[in-house]
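# Residue-level structure breakdown
So you can see what is in the structure, the chains are spelled out below.
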Amino acid sequence: MQAIAILGAGTMGHGIAQVFAVRGHPVRLYDPSAAALEAAPQRIRRGMEPFLQLGLHTPREAERCLENLALCSELEAACRGARVVIEAAPEDLGLKQGLLARAQAAAEPDALLCSNTSALSVSAMSRGLEKPDRLVGTHFWNPAPVIPCVEIVRGEKTSDRSVDEAWSLVAAAGKQPVRVRREVPGFLGNRLQHALQREALYLVEQGIASPEDVDRVVKFGFGLRYALMGPLERADLGGLDVTYAVQQTVLPGLDNRTTPSELLRRRVQAGELGVKSGRGFYKWTPEKKERLQGRRDLALLGILQLTRGLATELEPSDE
Ligand SMILES: NC(=O)c1ccc[n+]([C@@H]2O[C@H](COP(=O)([O-])OP(=O)(O)OC[C@H]3O[C@@H](n4cnc5c(N)ncnc54)[C@H](O)[C@@H]3O)[C@@H](O)[C@H]2O)c1
């Protein structure tokens, strides 16, 4: 099992550490904040609870996960001997460039470097690296132990070998990697999410429906299907001719603005930020948020268990 260094022990870093430590990788978790580092084992323990409740991990496996974890307050100590480095530090280009360069110098000579950036360019992050071909984007989704998808993102200089290694590493950890062949802002998942979000905001802004009803139509309507089939499978199922005809009518009326929604801007300016300010499209209390998040992981893991093996084997028609 390859030793893995993880840089940043926050929301994503501790979750990614859990993913690999539970599979038996020796994981060294680095964070300059002593508080973040100290909190990580307890956060991982809590992260394992839904897996234990559903019998997806045994208590022994959960123990072993923590035994495989070492906390490091020095980056060089975390990277020494590591074959893989996964960076999950704050979303700041300069900070990430500096960390990756130090990590490449300290890790094994040919170590694979991965970045969990949400939106920064992998090509820009690789500037200044001695071996830019070894950097690849590995975009895990939150919560990393629960959500299977990991986007494997190729920068201009990323080698095929690095893409293949990152793909194999996350696949062996039980994830569902996808390849982003060319770097585009938002990769795949955030482009799709924001295309939907733009239209959701537009519908509310235009007074066509309430926020509750827009959310309901996704949760209790077409969104239910998405754990089992993607939008292109769905188009095949409904008939491409039908999709074509519907697009001719619907697309001209969709929001196509390239700036963030006015409604969103107004709410942000008014300090209505959602959960963190207690008010967004809905009213929030810390207890409400806790309740929702507490149920979320258990429910998501349950859905994944239910749909396992039910999805169709996909055979691309163009290959
Ligand atoms: N939170 C999400 O939903 C999410 C999802 C996917 C990707 N990401 C991306 O993952 C990365 C981490 O995000 P997060 O949500 O875990 O942030 P976070 O703020 O929860 O954690 C970041 C951690 O990095 C630490 N840190 C600060 N300076 C550092 C340094 N110089 N070296 C190493 N660590 C340092 C902080 O102490 C903190 O513990 C970002 O690039 C973010 O865009 C976040």
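Remember, it's a predicted structure, so these values are computed and weren't measured experimentally.

What counts and how
- For every chain, the first residue of the written sequence is number 1, and numbering continues from 1 along that sequence.
- Per-residue local features of the predicted model are confined to residues with pLDDT of at least 70, and side-chain atom pairs are confined, for both listing and counting, to 80 or more; whole-chain, interface and lining totals are unaffected and use all residues.
- The side-chain numbers reported here are obtained from all heavy atoms of the structure, hydrogens and water having been left aside.
- Here a helix means four or more residues in a row that DSSP labels H or I, a strand means two or more in a row labelled E, and each is numbered from the N terminus.
- Exposed residues in this analysis have more than 50% of their type's maximum accessible area, buried residues have under 20%, and partly exposed residues fall in between, with area computed by a 1.4 Å probe over protein chains only.
- Every residue pair with non-hydrogen atoms within 4.5 Å of one another is taken to be in contact.
- How far a helix is expected to stretch is found by multiplying one less than its residue total by 1.5 Å.
- What is called the bend at a residue is the angle between a pair of axes, fitted to the seven residues leading up to and ending at it and to the seven starting from it.
- Here the aromatic set is Phe, Tyr and Trp, taking the six-membered ring for Trp, and pairing holds for ring centres within 6.5 Å; pairs whose planes are under 30 degrees apart are stacked, those over 60 apart are edge-to-face, and all others are tilted.
- Nearness of a residue to a molecule or strand requires only that one of the residue's heavy atoms be within 4 Å of it.
- Here a polar contact is recorded for every N or O atom pair within 3.5 Å, except that within protein the pair must consist of a potential hydrogen donor and a potential acceptor, and residues adjacent in sequence are included only if both atoms are side-chain atoms.
- Per-residue and other accessible areas were derived by the Shrake-Rupley procedure at a 1.4 Å probe size, with only the shown protein chains allowed to occlude residues.
- Under this grouping Gly is polar, as are all residues other than the nonpolar Ala, Val, Leu, Ile, Met, Phe, Trp, Tyr, Cys and Pro and the charged Asp, Glu, Lys and Arg.
- Only buried Ala, Val, Leu, Ile, Met, Phe, Trp, Tyr and Cys residues count toward a nonpolar core, and they belong to the same one when joined by side-chain atoms within 4.5 Å.
- Salt bridges are defined by distance alone: a side-chain nitrogen of Lys or Arg within 4 Å of a carboxyl oxygen of Asp or Glu.
- Orientation is described by axes fitted as lines to C-alpha atoms, over the contacting stretch for helices, and by angles from 0 to 180 degrees between their N-to-C directions.
- Orientation is classified from the angle alone, with under 35 degrees giving roughly parallel, over 145 giving roughly antiparallel, 65 to 115 giving roughly perpendicular, and any other angle giving oblique.
- A crossing counts as left-handed when the near helix is turned anticlockwise from the far one by less than a right angle, and as right-handed when that turn is clockwise.

## Some thoughts on the environment of V136
Relative to the elements of secondary structure, V136 occurs in strand β6 (residues 135–140). By relative accessible area, which is 0% here, V136 ends up buried. Separated by 69 residues in the primary sequence, V136 and E67 have C-alpha atoms spaced 28 Å apart. Apart from residues lying up to four places away in sequence, V136 is in contact with L112, L113, C114, S115, V122, I152, V153, T158, S162, V163 and A166.

## Digging into helix α2 (residues 34–53)
Compared with the 28 Å implied by 1.5 Å per residue over 20 residues, the 30 Å span of α2 between its first and last C-alpha is a close match. Its maximal kink placed at A40, α2 deviates by approximately 35 degrees, while the proline P41 follows within four residues. For α2, the complete set of buried residues consists of A36, L37, A40, P41, I44, G47, M48, P50 and F51. Among the structural elements, α1 (11–21), β2 (27–30), α3 (59–67), β3 (69–72) and α13 (286–307) are those in contact with the buried residues of α2.

## Observations concerning the packing of aromatic side chains
A full pass over the atoms with the stated rule returns two aromatic pairs. Ring plane angle 80 degrees and centroid distance 6.2 Å describe the contact between F20 and F140, whose orientation is recorded as edge-to-face. Residue F20 is found in helix α1, and its partner F140 is found in strand β6; the two are separated by 120 residues along the sequence. Classification of F140 as buried rests on a relative accessible area of 2%. Ring plane angle 75 degrees and centroid distance 5.8 Å describe the contact between F222 and Y226, whose orientation is recorded as edge-to-face. Owing to a relative accessible area of 29%, F222 belongs among the partly exposed residues under this scheme.

## Some words on the site of the ligand
In the region of the ligand, 21 residues are neighbours, and M12, D31, E91, K96 and S118 sit closest. In the environment of the ligand, an oxygen atom lies 2.9 Å from a nitrogen or oxygen atom belonging to the backbone of T11. One of the side-chain N or O atoms of K96 is found 2.7 Å from an oxygen atom in the ligand. The protein chains hide 73% of the 830 Å² of surface that the ligand would expose on its own. Put simply, the parts of the chain that give the shell around the ligand at least two residues each are α1, α5 (93–106) and β6. Within the shell around the ligand, the residues separate by chemical class into nine nonpolar, nine polar and three charged.

## So, the nonpolar core
Formed by 33 residues in total, the largest nonpolar core has its most connected members in I6, I16, F20, I86 and F140. Looking at this core, the element that brings in the most residues is α1, giving six residues. Discounting residues that sit within four places of it in the chain, I16 has contacts with I6, I86, A88, N116, F140 and A144. In this structure, C79, A107, L113 and V153 belong to the second largest nonpolar core, which totals 25 residues.

## Side note on the pattern of salt bridges
Under the criterion given, the structure shown has 19 salt bridges. For R134, the salt bridge is made with E165, and the minimal N-O distance between the two is 2.8 Å. Separated by 31 residues along the polypeptide, R134 in the loop between α6 (122–126) and β6 and E165 in helix α7 (residues 160–172) bring together distant segments of the chain. When its relative accessible area of 28% is taken as the criterion, E165 is described as partly exposed. A salt bridge links D255 to R257; the nearest nitrogen and oxygen atoms lie 3.0 Å apart. Exposure remark for R257: the relative accessible area of 29% places this residue in the partly exposed category. Each of D110, R134, R161 and E165 takes part in salt bridges that share partners, so that together they form one network.

## Brief notes about unusual backbone geometry
With an omega of -5 degrees, the peptide bond running from N142 to P143 counts as cis. Take P143: it is sitting in the loop between β6 and β7 (149–153). Positive phi is not limited to glycine here, since F187 has a value of about 50 degrees. Judged by its relative accessible area of 2%, F187 is buried.

## Thoughts on the packing of α1 against α2
Orientation of α1 relative to α2, taken along the N-to-C sense of each, is 60 degrees, at an axis distance of 9 Å. As far as their axial angle goes, α2 and α1 are oblique. At the point where α1 passes α2, the crossing takes the right-handed sense. Of the residues in α2, those touching α1 at T11, H14, A17 and Q18 are A40, R43, I44, G47, M48 and F51. A class-by-class count of the residues in the contact of α1 with α2 yields five nonpolar, four polar and one charged.

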